[in-house]
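Take a look at the letters that make up each chain.
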Amino acid sequence: MTIDKESRLNLETDEPEVAALLVEHGGLLDRDDRLGDETGDAAVYWATMRPHWAPGETYIARIEWFAYPYEPPSIKFATGVRGSLSVTSAWPVITGYRAASFDICKPMCREGYVTHLEWKEGSTAWPTQGNPFLWVVFTMQIDFNDNYQGRAA
Amino acid sequence: MNTEQRSDDVQVKVTFPISQHGPFQSDFSRETLAGTVLGEAMTHFEVQNDPSFTYELAHDGHEVDPNATIGSIAEQARALQFTLIKKITQG
């Protein structure tokens, strides 16, 4: 997937705050096309995240954008940066994070809006103002810090 | 919101990543409850709780108990930064 120039510029404006947030919580943000070869995708970010109460546990979230900030991203957990997206143990146990179906059932990602079409309207509609990338990752970090129950089997 | 700043007040700043508004900033006494700050911040950002979402304050990556006092969160600090989070209640 490639993204349009506007989306790319908007992401480059917003990503520094996301990277700073992750570093503050022991994580890291990588963009796929900056990983050292020519096969990368500028629409894909890899967020390394750690739960506050289990800093030895590392999770890698693959966040793929389509039209930023106008559409929600796809979010999947991987076994590593560019790792497998179909391993349940790559997922955390957090309410709404469904390892068995490899999706997050919340109105903050493409998978959630596909499952619940009604979320496209009203207060659950995808937010396009401010820094939605930061909002998504901040929401996930709060989940990791306050709602994390362990690693999926 | 305090209209008269006292020397032991805490300078509070609340940001909300998905708002068109700039940060909410005000001074509060150390006895002020976080829930009071939350209410004023929600007014500033023009958001309300509904069946799908509730709003909470987060500090240092954690949700803040609305019954905690600003002084207990700030400890010795004179300034405090929160992020308003839109907490999804369904999923």
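Quantities reported herein were computed from a predicted structural model and do not represent experimental measurements.

Caption draft 1: Up close: the overall build of chain A. Helix and strand counts for chain A stand at 3 helices and 6 strands. Starting at the N terminus and ending at the C terminus, chain A contains elements arranged as α-β-β-β-β-β-β-α-α. A globule of 153 residues ought to have a C-alpha radius of gyration of about 15 Å, and chain A, at 15 Å, matches this closely. By principal-axis analysis of the C-alpha atoms, chain A measures approximately 40 × 40 × 30 Å. For chain A, the residues scored as buried account for 39% of the 153 residues in total. The contacts in chain A between residues at least 6 apart in sequence include a share of 53% that link residues at least 24 apart.

Caption draft 2: How the structure looks around the sheet that holds strand E5 (residues 79–88) of chain B. All names here are of chain B. In space, the 5 strands of this open sheet follow the order E2-E1-E5-E3-E4, with mixed pairing throughout. Either end of the sheet is taken by a strand with one partner, and the two such strands are strand E2 (24–28) and strand E4 (62–63). As paired elements, strand E3 (residues 53–59) and E5 share 6 bridges and run antiparallel to each other. Within E5, the residue paired with Phe 53 across the bridge is Ile 88.

Caption draft 3: Structural detail: helix H1 (residues 34–45) of chain B. Residue and element names in this part refer to chain B. Look at H1: 16 Å from first C-alpha to last across 12 residues, which is about the 16 Å you get at 1.5 Å a residue. Every buried residue of H1 is accounted for by Ala 34, Val 37, Ala 41 and Phe 45. Each buried residue of H1 sits inside an arc of 65° when the element is viewed along its axis, so together they form one side. Where the residues of H1 are buried, they touch strand E1 (10–15), E2, E3, helix H2 (70–74) and E5. Within two residues after H1, Glu 46 carries a phi angle of roughly 60°, on the positive side.

Caption draft 4: Looking closely at unusual backbone geometry. Of note, the amide linkage connecting Tyr 68 of chain A to Pro 69 of chain A takes the cis form, showing an omega dihedral of 5°. The topology assignment puts Pro 69 of chain A in the loop between strand E3 (59–64) and strand E4 (74–78). Despite not being glycine, Glu 46 of chain B shows a phi value in the positive range, around 60°. Given 9 C-beta atoms within 10 Å, Glu 46 of chain B falls into the exposed group.

Caption draft 5: Expanded view of the interface of chain B and chain A. Contact residues are listed per partner, giving 15 residues for chain B and 22 residues for chain A. Mapped by element, the contributors of at least two residues to the side of chain B that touches chain A are E3, E4 and E5 of chain B. Looking at which element gives the most residues to the side of chain B that touches chain A, the answer is E5 of chain B, with 3 residues. By residue class, the composition of the side of chain B that touches chain A is 6 nonpolar, 7 polar and 2 charged.

Caption draft 6: View of the environment of Thr 124 of chain A. Locating Thr 124 of chain A in the fold gives a position in the loop between helix H2 (110–115) and helix H3 (132–146). C-alpha of Thr 124 of chain A to C-alpha of Pro 107 of chain A: the two residues are 17 residues apart in sequence and 6.0 Å apart in space. Setting aside chain neighbours within four positions, we find Thr 124 of chain A in contact with Pro 107 and Trp 119 of chain A together with Ser 52 of chain B.

Caption draft 7: How the structure looks around the environment of Arg 151 of chain A. All names here are of chain A. Secondary-structure assignment places Arg 151 in the segment after H3. Between the C-alpha atoms of Arg 151 and Trp 91, which are 60 residues apart in sequence, the distance is 6.3 Å. With residues up to four places along the chain from it excluded, the contact list for Arg 151 reads Glu 57, Ser 89, Pro 92 and Val 93.

Caption draft 8: Spatial organisation of the sheet that holds E4 of chain A. All names here are of chain A. Spatially, E1-E2-E3-E4 is the arrangement adopted by the 4 strands of the open sheet, whose pairing is antiparallel. The open sheet has two free edges, formed respectively by strand E1 (28–31) and E4, since each of these has just one partner strand. Between one strand axis and the next, the sheet turns by 25° as a mean value, whatever way the strands run. In the sheet, E1 pairs with strand E2 (residues 44–49) via 4 bridges, with the strands oriented antiparallel. Paired with Arg 31 across the two strands is Tyr 45, which belongs to E2. Helix H1 (residues 5–24) rests against E1 and E2 of the sheet, and its axis sits at about 140° to E1.

Calculation criteria
Residues numbered from 1 in each chain as written. Chains lettered and ligands numbered in written order. Predicted model: local features only at pLDDT ≥ 70, side-chain atom pairs only at ≥ 80, totals over all residues. Helix = DSSP H or I, 4+ residues; strand = E, 2+ residues; numbered from the N terminus. Rg over C-alpha atoms; globule rule 2.2 N^0.38 Å. Buried ≥ 20, exposed ≤ 12 C-beta atoms within 10 Å, placed from the backbone. Contact = placed C-beta atoms within 7 Å. Pairing = 2+ DSSP bridges. Expected span 1.5 Å × (residues − 1). Arc of directions from axis to C-beta. Nonpolar A, V, L, I, M, F, W, Y, C, P; charged D, E, K, R; others polar. Axes fitted to C-alpha atoms, helices over the stretch in contact; angles between N-to-C directions.

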